[in-house]
Amino acid sequence: NAGVTQTPKFQVLKTGQSMTLQCAQDMNHNSMYWYRQDPGMGLRLIYYSASEGTTDKGEVPNGYNVSRLNKREFSLRLESAAPSQTSVYFCASSVEQGTEAFFGQGTRLTVV
Amino acid sequence: GESVGLHLPTLSVQEGDNSIINCAYSNSASDYFIWYKQESGKGPQFIIDIRSNMDKRQGQRVTVLLNKTVKHLSLQIAATQPGDSAVYFCAENLAPRGGTSYGKLTFGQGTILTVHP
C-alpha cells in the first residue's frame, strides 16, 4: 500500500517556467490537499478538493492552480514560477473533511 | 496571523524522560485537533487526534490533552526515545459558525524535540 505518492521529489525551475506537481493516493480517500512548507514554519494550505469534481482555495492560493483529475489524482500547477514559490510541497489525502490527513513525502522545489 | 501556535520552539530531553509539547489555538469553534510528527526529509506523520467533545485521549506512549477553557492542547510522550526526535506540529480543524467542518487543517509552527541518549 503506497499511500500518497508525489512526483517529482526534487525540481529546480527558472523564474517564469511552468510545471505540474503530481499526486496520487491509493486509499480511496475523498478529500485531497496541497500544502507548502517554508523553513521554520508549519504547513500552509494552498488548495484542497473535498471530493472528486470540486476544488477550493486554501490560505495561500495565489500563483497556483489545481486539477482533481479523478478520485486518485490531484495535481498542482505553477504557471509562471517565482522565487517566492521556493518551498517544500506536500500533498495529503483524507477519508473525508475533518478527519486525519495522510501526507506524501514532499516535493522540494527551488525557483532560481 | 497564525490561529495555532506553540509555546516552545525547541525542547531537549534525556532518553527515558517524559516530554510535553504545548500548543495554543485561537479559534474556540475548532472541533478537531491532530498532532503530527515530521522527521527530516519526510512528510508529517499522524500521531494522535482528539475531538472537541473530549478532554484526553491516549495512544501508545502518547497522550493528548485538550483544555477548551484556555484553548490549549498538549502532547505528552512517555519514556521518550531517540527515535522520537523530530518536529512536532499541532493542527486545528477550523469550524465555521453553524458547526459544519471545513476539513481544512491549520498547522502551528512546530516544536523541535531532541532526545539525548
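Structure first, text after, so check above.
Below is a short write-up of the structure. (Residues numbered from 1 in each chain as written. Chains lettered and ligands numbered in written order. Predicted model: local features only at pLDDT ≥ 70, side-chain atom pairs only at ≥ 80, totals over all residues. Heavy atoms only, no water.)

**A closer look at the overall build of chain B**
Item 1. Summing up its helical and strand segments, chain B has zero helices and 11 strands in all.
Item 2. The order of helices and strands in chain B, counted from the N terminus, is β-β-β-β-β-β-β-β-β-β-β.
Item 3. Here chain B, with 117 residues, has 44% of them falling under the buried criterion.
Item 4. Within chain B, residue pairs in contact and separated by at least 24 positions form 55% of the contacts whose partners lie at least 6 positions apart. (Helix = DSSP H or I, 4+ residues; strand = E, 2+ residues; numbered from the N terminus. Buried < 20%, exposed > 50% of the residue type's maximum accessible area, 1.4 Å probe, protein only. Contact = heavy atoms within 4.5 Å.)

**Topic: the state of the cysteines**
Any covalent bond linking the sulfur atoms of two cysteines counts as a disulfide.
Item 1. Across all of its chains, the model carries two disulfides over all chains by this definition.
Item 2. The partner cysteine of Cys23(A) in its disulfide is Cys91(A), sulfur to sulfur 1.9 Å. Its S-S torsion of approximately -75° makes the covalent link between Cys23(A) and Cys91(A) left-handed. Taken together, the positions of Cys23(A) in strand E3 (residues 19-25) and Cys91(A) in strand E9 (residues 87-94) put the pair 68 residues apart, joining distant regions of the chain.
Item 3. Residue Cys23(B) pairs covalently with Cys90(B) via a disulfide, S to S 1.9 Å. Taking the torsion about the S-S bond as the criterion, the Cys23(B) to Cys90(B) disulfide, at about 55°, is right-handed. Here Cys23(B), found in strand E3 (residues 19-25), pairs with Cys90(B), found in strand E9 (residues 86-93); they are 67 residues apart in sequence, far enough to count as distant. Note on accessibility: Cys23(B) and Cys90(B) belong to one class, buried. (Disulfide = S-S within 2.5 Å.)

**Side note on the interface of chain A and chain B**
Item 1. On the side of chain B, 20 residues touch chain A, which itself brings 19 residues to the contact.
Item 2. Between chain A and chain B, roughly 1600 Å² of surface is buried when both sides are summed, and carbon and sulfur atoms account for 52% of that area.
Item 3. Connecting chain A to chain B are zero salt bridges.
Item 4. Connecting chain A to chain B are four residue pairs in polar contact (both at pLDDT 80 or more).
Item 5. Among the secondary structure elements, those contributing two or more residues to the side of chain A that touches chain B are strand E4 (31-37), strand E5 (43-49) and strand E10 (101-103) of chain A.
Item 6. By residue class, the composition of the side of chain A that touches chain B is nine nonpolar, eight polar and two charged. (Buried area = accessible area lost by both parts, 1.4 Å probe. Salt bridge = Lys/Arg side-chain N within 4 Å of Asp/Glu carboxyl O. Polar contact = N/O pair within 3.5 Å; in protein donor to acceptor, adjacent residues only side chain to side chain. Nonpolar A, V, L, I, M, F, W, Y, C, P; charged D, E, K, R; others polar.)

**Here's the deal with unusual backbone geometry**
Item 1. In the segment running from Thr7(A) into Pro8(A), the intervening peptide bond is cis, with an omega of -5°.
Item 2. Here Pro8(A) shows up in the loop between strand E1 (4-7) and strand E2 (10-13).
Item 3. A positive phi is found at Asn28(A), a non-glycine position, where the angle reads about 60°.
Item 4. Positive phi values are uncommon outside glycine, yet Ala79(B) reaches one of about 50°.
Item 5. Along the chain, Ala79(B) turns up in the loop between strand E8 (72-77) and E9.

**Here's the deal with the pairing of E8(B)**
Within a regular beta strand, the side chains point alternately toward one face of the sheet and then the other, so they alternate between its two faces.
Residue and element names in this part refer to chain B.
Item 1. Of all six residues in E8, five are buried, a share of seventy percent or more.
Item 2. Pairing between E3 and E8: six bridges, direction antiparallel. Bridge pairing in E8 places Ile21 opposite Leu75.
Item 3. The turn joining strand E7 (residues 62-67) and E8, which pair antiparallel and follow one another in sequence, is formed by four residues; a positive phi near 55° is taken by Lys71. (Pairing = 2+ DSSP bridges.)

**As for the pairing of E5(A)**
All names here are of chain A.
Item 1. Most of E5 sits inside the fold, with seven of its seven residues counted as buried.
Item 2. As judged from the six bridges shared by E4 and E5, these two strands associate in the antiparallel manner. Directly across from Tyr35, in E5, lies its bridge partner Leu45.
Item 3. The antiparallel hairpin formed by E4 and E5 contains five residues in its connecting segment, where Gly40 sits at a positive phi of about 75°.
Item 4. Relative to strand E6 (residues 56-57), E5 is paired through two bridges, and the arrangement is antiparallel. Paired with Tyr48 across the bridge in E6 is Asp56.
Item 5. Remark: six residues form the turn of the hairpin made by E5 and E6, two consecutive strands paired antiparallel; Gly53 in that turn has positive phi of roughly 95°.

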